[in-house]
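Residue-level listing of the chains:
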Amino acid sequence: MEAYREIILILAATIRVATPLVLAAIAGLFSERSGVIDLGLEGKMLAAAFASAAVAAATGSAWLGLGAGVAASLALALVIAFACVTHRGNQVVAAMAVNIIVAGLAPALALAWFDQGGQTPQLDGPGQRFLGIAWPWAQAARRHPVPGLAYAELLSGHNLIVYFAAALVPASAWVLYRTRFGLRLRAVGENPLAVDTAGISVNLLRYQASIISGILCGVAGTYISTAASAGFVRDMTAGKGYLALAALIFGKWRPYPTLAACLLFAFADAGAARLQGVPLPGIGVVPVQLIIALPYILTVLLLAGFVGEAVAPKAIGVPYTKEK
Amino acid sequence: MKPADKLPRWAEFGLLPAINLCAALLISGAVIRLIGESPWAAFKLMAAGAFGAQDSIGYTLFYATDFVFTGLAVAVAFHAGLFNIGGEGQAYVGGLGVGLVCLAFGSCSPWLVIPLAIASGCAFGAAWAFVPGWLQARRGSHIVITTIMANFIASALMTYLLVNVLIKPGQQSPETREFGPGAAMPPVHELLARIGISFAPSPFNMASLLALVACALVWAFLWRTRWGYALRVVGQNPQAAVYAGISPERTIMVAMTISGGLAGCLAVNELMGSQHRILLDFPGGAGFVGIAVALMGRNHPVGILAASLLFGALYQGGSQLSFDMPHVNRDMVILIQGLVILFCGALENVFRAPLAALLRPRAARPSP
């Protein structure tokens, strides 16, 4: 029974850790499927984390915070698109630039506006955060651990953004594989010339994909600062954007496998936090750093073709020059 | 870049980077104004903080040395058409190479320890970069992604080693014990004192000489050797390289190995020149500054030297800024760094095309 409790709690933590990864990875999926490398996930999320926490602290409304977070992330997505799509700049350079700009700008503004050493104030007022929603009878169900605890911890008790992320995956799969927009998006990442020949604007599609990515990263960043924690602190995305990118590659740029990769990485993270120093049967104590590095090692092995094969969209990273 | 957008050399290496820098400074100035401070006063304070006193000049040159190494690392890879974002991790692992030698032989003569430590730092950094290079060349893995992943793996590896293996016994913070006396890079102020010139103490040390030598070697390698030629051909046109009998695969691995070795040298400056122990996250983002430095210096050693001095001054000036302006600190420098990357790298076409049109000789202009 104790092991069952432990597993349920690890799984519940997995869901919480996976949420921003899923949002960011799906954001990257749209962008990369259109042929634009999305290394800027980290910066867009960090900007959203700061903007949402700052606005939530100032106005007392988590929803206004969400709006600000999405707006900030969207603005950066448009900067990257302007540089890479309109001016055909280097996509990796543009994204790294944005990541570094945000790493400097967010704490600088936080320091100036709130005077708390580069943080935003604690969000502890009513309505300032996205809090868990208890489903009916969740409290009562705890008394019967099987399956009550699973119901109370896994289905109930999460905040709105978690459920949004859960719904996002089937929705994106539907958009990508069942709609005209999705077909064009996939085509433009594989063969932009063909799309252009069919009279469809390559640049417009890539802008649309960047906008979707910006919005979703905004939601992910808002989750990090106003749902998973109570306020913005320096560098709080802590590489989650790159981890999401790894999950996207590990999921071979497809929605459901990407979700699975996010859950796997989040499970490793949640497990590592709870199993620190606990010897595993047959393995012994696994260094926590190894578990932290595991997603990155797996992704490198995958990219190297040692575990399966990851085939990126063909036109990824190549700016499209319309023939005059 | 279209051939029509080719600029004369002075504009390519001087005017265009200057315009890009001005654009970056203009936006950071607007942010400082937004915060409620005077941008002019802030930049003046930064200049004074970077060059106003002997010790601040020393610090500026010390930081600049870091950036020369990481900037050269990015540039060498870039000439081969590779974007090495892994300078941070390569420098970190290079620190392991430097540190192990310094810990083991710290009590020997500096004449033995210093060359050995430099070689070891280069070798460790090179090995860490060789892996992504090999994966790119032989398995087709995207170098940008693998070098990013390698940064995180390096960080986890070094944390593990520092927390569990190399930590000084009986100590809380994850650092090694201090290196022996033979493992210190001689500080410049001590050398100057020996010939009777007094200079305020700072971490500015002889690793800066190594940085200058590295600049010269990189220049000679890229533009005066057969291997450097091969490397640049692969960067410009891998297909042409194949027809010229150059193996792109081998060249990619060579370029990454050299790149990682250069990044590893950062540890010589940081650890042997200043910290005298291995500590957590000692590269402190210098690997990423290297990207800005290489882009602004147009991947040329002379340009990189100049851009490194600029960023050294920004880092030193930025850390002095918060004494006088409590609401502005070094984060502003990170912002400037990001903006420089944006304007020099991603948005370079925005200024290049109009500038090229403006500077084109009248005769060559297309008649209307």
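All residue numbers here refer to positions counted from 1 along the written sequence of the relevant chain. Chain labels run from A onward and ligand labels from 1 onward, assigned in the order the entries are written. Since the coordinates come from a predicted model, pLDDT governs what is reported: local features require at least 70, and pairs of side-chain atoms require 80 or more to be given and counted, while whole-chain, interface and lining totals use all residues. Side-chain numbers come from the whole structure's heavy atoms, not from hydrogens or water.

### Points about the overall build of chain A
Of regular secondary structure, chain A possesses 13 helices and 0 strands. Segments assigned H or I by DSSP are reported as helices when at least four residues long, segments assigned E as strands when at least two residues long, and all are numbered from the N terminus. Starting at the N terminus and ending at the C terminus, chain A contains elements arranged as α-α-α-α-α-α-α-α-α-α-α-α-α. Radius of gyration: C-alpha atoms only; globule rule: 2.2 Å multiplied by the number of residues to the exponent 0.38. Against the 2.2 N^0.38 benchmark of 20 Å for 324 residues, chain A shows a C-alpha radius of gyration of 20 Å, consistent with a compact globule. Here the C-alpha coordinates of chain A stretch approximately 70 × 50 × 40 Å along the principal axes. The buried label goes to any residue with under 20% of its type's maximum accessible area, the exposed label to any with over 50%, and the partly exposed label to all in between, with areas taken from a 1.4 Å probe on protein chains only. Classification of the 324 residues of chain A by burial places 53% in the buried group. Working rule for contacts: check all heavy atoms of both residues, and any pair within 4.5 Å makes them a contact. Across chain A, every contact between residues at least 6 apart in sequence was considered, and the portion connecting residues at least 24 apart equals 76%.

### Overview of a nonpolar patch on the surface
The patches described consist of residues with a relative accessible area above 30% and no salt bridge, like charges being joined within 9 Å and nonpolar side chains (Val, Leu, Ile, Met, Phe, Trp, Tyr) within 5 Å. Method for areas: the Shrake-Rupley scheme with a 1.4 Å probe, in which residue coverage is limited to the protein chains shown. Think of a salt bridge as a Lys or Arg side-chain nitrogen and an Asp or Glu carboxyl oxygen that are within 4 Å of each other. A grouping of Trp 63, Ile 133, Trp 135, Leu 155 and Leu 160 of chain A is seen on the molecular surface, where their side chains present a nonpolar patch of about 490 Å² in accessible area. With respect to the element layout, Leu 160 of chain A can be found in helix 7 (residues 160–178).

### Points about the side chain of Gln 316 of chain B
Looking at where Gln 316 of chain B falls in the secondary structure, it is placed in helix 14 (residues 301–324). Residues within four places of Gln 316 of chain B in sequence aside, it is in contact with Gly 49, Ala 50, Ser 56, Tyr 59, Thr 60 and Tyr 63 of chain B.

### Some details on the pattern of salt bridges
The tally for this structure, following the rule as stated, stands at 8 salt bridges over all chains. Arg 234 of chain A is the partner of Asp 331 of chain B in a salt bridge, and the nearest nitrogen-oxygen pair spans 2.8 Å. In this pair, Asp 331 of chain B is assigned in helix 15 (residues 331–346) and Arg 234 of chain A in the loop between helix 10 (202–226) and helix 11 (240–250), connecting two distinct chains. Through salt bridges with shared partners, one network takes in Glu 12, Arg 298 and Arg 352 of chain B.

### Quick look at the state of the cysteines
Two cysteine sulfur atoms make up a disulfide if the distance between them is within 2.5 Å. Counting across every chain of the model gives 0 disulfides over all chains. With no disulfide partner, Cys 262 of chain A has as its closest neighbouring cysteine sulfur the one in Cys 217 of chain A, 12 Å distant. Using a relative accessible area of 1% as the deciding quantity, one classes Cys 262 of chain A as buried. Residue Cys 215 of chain B stays outside any disulfide, its sulfur separated by 11 Å from that of Cys 265 of chain B, the closest cysteine.

### Topic: the nonpolar core
Counting residues in each nonpolar core, the largest one holds 188 residues, and the members touching the most others are Leu 39 of chain A together with Ile 85, Phe 311 and Val 340 of chain B. Here this core takes 16 residues from helix 4 (residues 91–114) of chain A, the largest share from any one element. Not counting the four nearest positions on each side in its chain, Leu 39 of chain A is found in contact with Val 92, Ala 95, Met 96, Asn 99, Tyr 242 and Leu 245 of chain A together with Ile 85, Val 144, Ile 145 and Ile 148 of chain B. By size, the runner-up hydrophobic cluster in this structure holds 6 residues, among which are Val 188, Ile 200, Val 202 and Leu 205 of chain A. Definition of nonpolar core: a set of buried residues of the types Ala, Val, Leu, Ile, Met, Phe, Trp, Tyr and Cys, connected through side-chain atoms within 4.5 Å.

### Quick notes on helix 10 of chain A
Note that an α-helix has 3.6 residues per turn; residues three or four places apart therefore point the same way. All names here are of chain A. In this scheme, a helix's expected span is set at 1.5 Å multiplied by one less than its residue total. Its 25 residues place the ends of helix 10 36 Å apart at the C-alpha level, agreeing with the 36 Å of an ideal helix rising 1.5 Å per residue. Burial of helix 10 is extensive: 18 of the 25 residues sit out of reach of the surface. Nitrogen and oxygen atoms within 3.5 Å of one another constitute a polar contact, given that in protein one can donate a hydrogen and the other can accept it, and given that sequence-neighbouring residues count only through two side-chain atoms. Sitting at the head of helix 10, Ser 201 places a side-chain oxygen 3.5 Å from the backbone nitrogen of Asn 203.

### Remarks on the interface of chain B and chain A
Listed by partner, the interface residues are 41 residues for chain B and 43 residues for chain A. By convention, the term buried area covers the 1.4 Å-probe accessible surface removed from two parts as they join, with the contributions of both added. Carbon and sulfur atoms make up 80% of the area that chain B and chain A hide from each other, which totals about 3500 Å². The interface formed by chain B and chain A holds 1 salt bridge in total. Grouping the amino acids of the side of chain B that touches chain A by side-chain chemistry returns 28 nonpolar, 11 polar and 2 charged. Just so you know the grouping, Ala, Val, Leu, Ile, Met, Phe, Trp, Tyr, Cys and Pro go in nonpolar, Asp, Glu, Lys and Arg go in charged, and all remaining residues, Gly too, go in polar.

### Observations regarding helix 8 (residues 207–224) of chain B
Residues and elements named next belong to chain B. Between its terminal C-alpha atoms helix 8 stretches 25 Å, which fits the 26 Å expected from 18 residues at 1.5 Å a residue. Among all positions of helix 8, only Ala 207, Ser 208, Ala 211, Ala 214, Cys 215, Val 218, Phe 221 and Leu 222 are buried. One side of helix 8 carries all its buried residues, which in axial view fall inside an arc of 140°. Among the exposed residues of helix 8, those oriented more than 90 degrees off its buried face are Leu 217 and Arg 224. Buried residues along helix 8 sit in contact with helix 3 (54–79), helix 9 (226–236), helix 11 (248–264), helix 12 (266–275) and helix 14. Working note: the arc is built from the helix axis to C-beta atom directions.

### Section: the packing of aromatic side chains
Ring pairs are drawn from Phe, Tyr and Trp, using the six-membered ring of Trp, whenever the two centres fall within 6.5 Å, and their geometry is named by plane angle: stacked under 30 degrees, edge-to-face over 60, tilted for the rest. Summed over all chains, the structure comprises 14 aromatic pairs over all chains. Look at Phe 50 of chain A and Phe 232 of chain A: their rings are 5.3 Å apart centre to centre, the planes differ by 70°, and that puts the pair in the edge-to-face class. Of this pair, Phe 50 of chain A sits in helix 2 (residues 41–59) while Phe 232 of chain A sits in the loop between helix 10 and helix 11, and the two are 182 residues apart along the sequence. Here the aromatic rings of Tyr 296 of chain A and Phe 152 of chain B are separated by 4.5 Å at their centres, their planes lie at 10°, and the arrangement is stacked. One end of the pair, Tyr 296 of chain A, is in helix 13 (residues 288–303); the other, Phe 152 of chain B, is in helix 6 (residues 143–165), on a second chain. Using a relative accessible area of 6% as the deciding quantity, one classes Tyr 296 of chain A as buried.

### Brief notes about the side chain of Ser 31 of chain A
As for its position among the elements, Ser 31 of chain A is in helix 1 (residues 2–33). Those residues in contact with Ser 31 of chain A, other than ones at most four positions away along the chain, are Val 36, Asp 38, Ala 209 and Ser 213 of chain A.

### Some points on the packing of helix 11 of chain A against helix 6 of chain B
Helix 6 of chain B packs onto helix 11 of chain A with a crossing angle of 130° between their chain directions and a minimal axis gap of 11 Å. It follows that helix 11 of chain A is oblique to helix 6 of chain B by the angle criterion. Relative to helix 6 of chain B, helix 11 of chain A is oriented so that their crossing is left-handed. The residues of helix 6 of chain B that touch helix 11 of chain A, namely those facing Tyr 242, Leu 245, Ala 246 and Ile 249 of chain A, are Ile 145, Ile 148, Met 149 and Phe 152 of chain B. Of the residues in the contact of helix 11 of chain A with helix 6 of chain B, the class split is 8 nonpolar, no polar and no charged. Fitted lines through C-alpha atoms serve as axes, helices being fitted only where they are in contact, and the angles separating the N-to-C directions of these axes extend from 0 to 180 degrees. Angles are sorted into four bins: roughly parallel if under 35 degrees, roughly antiparallel if over 145, roughly perpendicular if 65 to 115, and oblique for all others. Note: crossing handedness is left-handed where the near helix turns anticlockwise from the far helix by less than a right angle, and right-handed where it turns clockwise.

### Focus: the packing of helix 11 of chain A against helix 13 of chain A
All names here are of chain A. Where helix 11 contacts helix 13, the two axes come as close as 10 Å, and the packing angle between them is 40°. Considering the angle they form, helix 11 stands oblique to helix 13. Here the hand of the crossing between helix 11 and helix 13 comes out left-handed. For the pair helix 11 and helix 13, the contacting residues are Leu 243, Ala 246, Ile 249 and Phe 250 in the first and Pro 295, Tyr 296, Leu 298, Thr 299, Leu 302 and Leu 303 in the second. Residues of the contact of helix 11 with helix 13, tallied by class, amount to 9 nonpolar, 1 polar and no charged.

### Looking at unusual backbone geometry
The backbone of Asp 235 of chain A shows a phi angle near 50°, a positive value even though the residue is not glycine. Mapped onto the elements of the fold, Asp 235 of chain A is located in the loop between helix 10 and helix 11. Although it is not a glycine, Asp 281 of chain B sits at a positive phi angle of roughly 50°. By the secondary structure assignment, Asp 281 of chain B is in the loop between helix 12 and helix 13 (286–296). Since its relative accessible area comes to 48%, Asp 281 of chain B is described here as partly exposed.

### Looking at the environment of Glu 42 of chain A
Residues and elements named next belong to chain A. You can see Glu 42 is positioned in helix 2. The sequence separation of Glu 42 and Asn 99 amounts to 57 residues, and the corresponding C-alpha distance is 6.3 Å. Not counting chain neighbours up to four residues away, the residues in contact with Glu 42 comprise Asn 99, Thr 237, Ala 238, Gly 239, Lys 240, Gly 241 and Tyr 242. Reaching out from Glu 42, the side chain makes a polar contact with the backbone nitrogen of Gly 241 at a distance of 2.7 Å.

Treat this as a map of the structure, not an account of what it does.
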